[in-house]
Amino acid sequence: VYIVAEARLAALPGAVPKPKKGGDKKKAKEGEAAAPAAAAAAGFEVLAKFQGAELVGASYEPLFPYFAHLGSAFRVLADGYVTDDSGTGVVHQAPAFGEDDYRVCLANGVIAKGEGLPCPIDLNGRFTGEVTDFAGKYVKDADKEIIASIKAAGRLVDHASLNHSYPFCWRSDTPLIYRAVPSWFVKVEAIKARLLANNEQTYWVPSYVKEKRFHNWLEGAHDWAISRSRFWGTPIPIWASEDGEEIRVIGSIAELEEVAGRKVDDLHRHFIDDITIPSSQGKGVLRRIDDVFDCWFESGSMPYGQLHYPFENKELFEANFPADFVAEGLDQTRGWFYTLMVLSTALFDKPAFKNLVCNGLVLASDGKKMSKGLKNY
């Protein structure tokens, strides 16, 4: 017995409806034989029809037992992003591997913001020890074994190769895996109302970019992940205990020199990552977290960084902030314009600029943005 969206019945293997018992008598009288039993067995029979909403809340047994201990996670949910133009109309949710999956599971209490996510894949794209049957195997190499395991359990309906769009790394041209990673966030959702109010204090040319595109982006804003797992970049000045319970944020070079007990001339990570801070809670020493800032955090800090505020030029900055006007391309609606607004609102509860000029973009002959990678300039 299978549950499938009615629009997807034709996609079932051997999707031929079973003929009525006894075959078609009219055709039999005309000399046509009724469908043989073998053909009938290959088709499907509709046992019942009902709205998908009737399934919501029903629990089910997971295909594999590795996370069965999570109990209430294995239940039917409903969301508008699921369509009936592909697959079965029923979509498995993996909150560590998709934006919609995460959103749906968060909204339905399967996971909680700030808590760990069930994630069976490590940073190298290999199954973790939780997945006992395939532990250590690269996910792209495990397909055949997984199919064989499902077949051995008597749960394989069909398997086939399908061509579909898939993300690739634009630098190495290798397949990517969407996977949630630990990050540091700015609580943008907590100041969303202030962002919208501050946007109203600004004047944009053209006005529709402010009133439509930028307003809509602010209205749907989520908490902002400001950390990146890279070597080069501005180190995030957070020192934490091994258990993450004790945290100290360093606010200046002078403060860092004080806790380090030495002169600090270079803030790149290979010059400061060896600095440890004694714990005030008996947790040994605090070490700097591995992450560096998202470069967009730095772009949004431009009004303060350019004047070395608040360590220098305090009066000059305060006399000229917000800026009279800024100007950039349309693509910065979700980039620089946004980060300027978020940080200025969080710090001063005011916009970073009074007026904004937003220019359009000249595209390549293929209609795409010009780039060195595509060589379409």
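1. Topic: the overall build of the protein
Then, number 1: Within the protein one finds twelve helices and eleven strands.
Then, number 2: For the protein, whose C-alpha radius of gyration is 29 Å, the value lies well above the compact-globule estimate of 21 Å for 377 residues.
Then, number 3: Taken along the three principal axes of its C-alpha coordinates, the protein extends 100 × 55 × 45 Å.
Then, number 4: Classification of the 377 residues of the protein by burial places 27% in the buried group.
Then, number 5: Across the protein, contacts joining residues at least 24 apart in sequence account for 57% of those joining residues at least 6 apart.
Then, number 6: Accessible area for the protein stands at about 25,300 Å²; split by element, carbon and sulfur atoms hold 55% of it.

2. So, the pairing of strand 11 (residues 353-359)
Across a regular strand the side chains alternate sides, sitting on one face of the sheet and then on the other.
Then, number 1: As paired strands, strand 2 (residues 203-205) and strand 11 are joined by three bridges and run parallel to one another. The residue of strand 11 that forms the bridge with V205 is V357.
Then, number 2: Of the strand pairs in this sheet, strand 10 (residues 323-329) and strand 11 are connected by six bridges, and their pairing is parallel. Within strand 11, the residue paired with F325 across the bridge is N355.
Then, number 3: At this point the chain moves from strand 10, through helix 12 (residues 336-348), to the parallel strand 11, and the crossover so formed is right-handed.

3. As for the nonpolar core
Then, number 1: Judged by nonpolar contacts, the single largest core of 34 residues is most densely connected at V188, W224 and F353.
Then, number 2: Put simply, the parts of the chain that give this core at least two residues each are helix 5 (192-199), helix 6 (207-219), strand 5 (238-240), helix 12 and strand 11.
Then, number 3: Other than its neighbours up to four places away in sequence, V188 contacts L195, A221, H222, D223, W224, Y338 and V342.
Then, number 4: With eleven residues, the next largest nonpolar core counts F74, V131, F134 and V139 among its residues.

4. Quick word on the sheet that holds strand 10
Then, number 1: Pairing is parallel across the open sheet formed by three strands, whose spatial order is 2-11-10. In this open sheet, the two edge strands, each paired with only one partner strand, are strand 2 and strand 10. Direction aside, the axes of adjacent strands within the sheet are offset by 15 degrees on average.

5. Some points on the packing of aromatic side chains
Then, number 1: This model, assessed by the stated rule, comprises 22 aromatic pairs.
Then, number 2: What links up through ring pairs into an aromatic cluster is the set W204, F214, W336, F337 and F353.

6. Concerning the pattern of salt bridges
Then, number 1: Taken as a whole and assessed by the stated rule, the structure comprises 19 salt bridges.
Then, number 2: K113 is the salt-bridge partner of D223, the closest N and O atoms lying 3.5 Å from each other. One end of the pair, D223, is in the loop between helix 6 and strand 3 (224-225); the other, K113, is in the loop between helix 3 (99-107) and helix 4 (143-152), with 110 residues separating them in the sequence.
Then, number 3: We note a salt bridge from D349 to R194, for which the minimum N-O separation is 2.9 Å. Of this pair, D349 sits in the loop between helix 12 and strand 11 while R194 is found in helix 5, placing the two residues 155 residues apart along the sequence.
Then, number 4: Judged by its relative accessible area of 38%, D349 is partly exposed.
Then, number 5: Ionic contacts of the salt-bridge type, sharing partners, join the residues R269, D273, R288 and D290 into one network.

7. Points about unusual backbone geometry
Then, number 1: Between V205 and P206 the backbone carries a cis peptide bond, its omega angle lying at 0 degrees.
Then, number 2: Here the amide bond leading from Y309 into P310 is cis, since omega sits at 10 degrees, within 30 degrees of zero.
Then, number 3: Locating P310 in the fold gives a position in the loop between helix 10 (302-305) and helix 11 (314-319).
Then, number 4: Notably, H308 is not glycine yet its phi reads approximately 55 degrees, a positive angle.
Then, number 5: Mapped onto the elements of the fold, H308 is located in the loop between helix 10 and helix 11.
Then, number 6: For H308, a relative accessible area of 40% puts it in the partly exposed group.

Calculation criteria
Residues numbered from 1 in each chain as written. Predicted model: local features only at pLDDT ≥ 70, side-chain atom pairs only at ≥ 80, totals over all residues. Heavy atoms only, no water. Helix = DSSP H or I, 4+ residues; strand = E, 2+ residues; numbered from the N terminus. Rg over C-alpha atoms; globule rule 2.2 N^0.38 Å. Buried < 20%, exposed > 50% of the residue type's maximum accessible area, 1.4 Å probe, protein only. Contact = heavy atoms within 4.5 Å. Areas by Shrake-Rupley, 256 points an atom, 1.4 Å probe, with all protein chains shown as cover. Pairing = 2+ DSSP bridges. Right-handed = clockwise from strand over helix to strand, strands pointing away. Core = buried A, V, L, I, M, F, W, Y, C linked by side-chain atoms within 4.5 Å. Axes fitted to C-alpha atoms, helices over the stretch in contact; angles between N-to-C directions. Phe/Tyr/Trp six-rings, centres within 6.5 Å; stacked < 30°, edge-to-face > 60°. Salt bridge = Lys/Arg side-chain N within 4 Å of Asp/Glu carboxyl O.

Function cannot be read off these values alone, since they describe shape.
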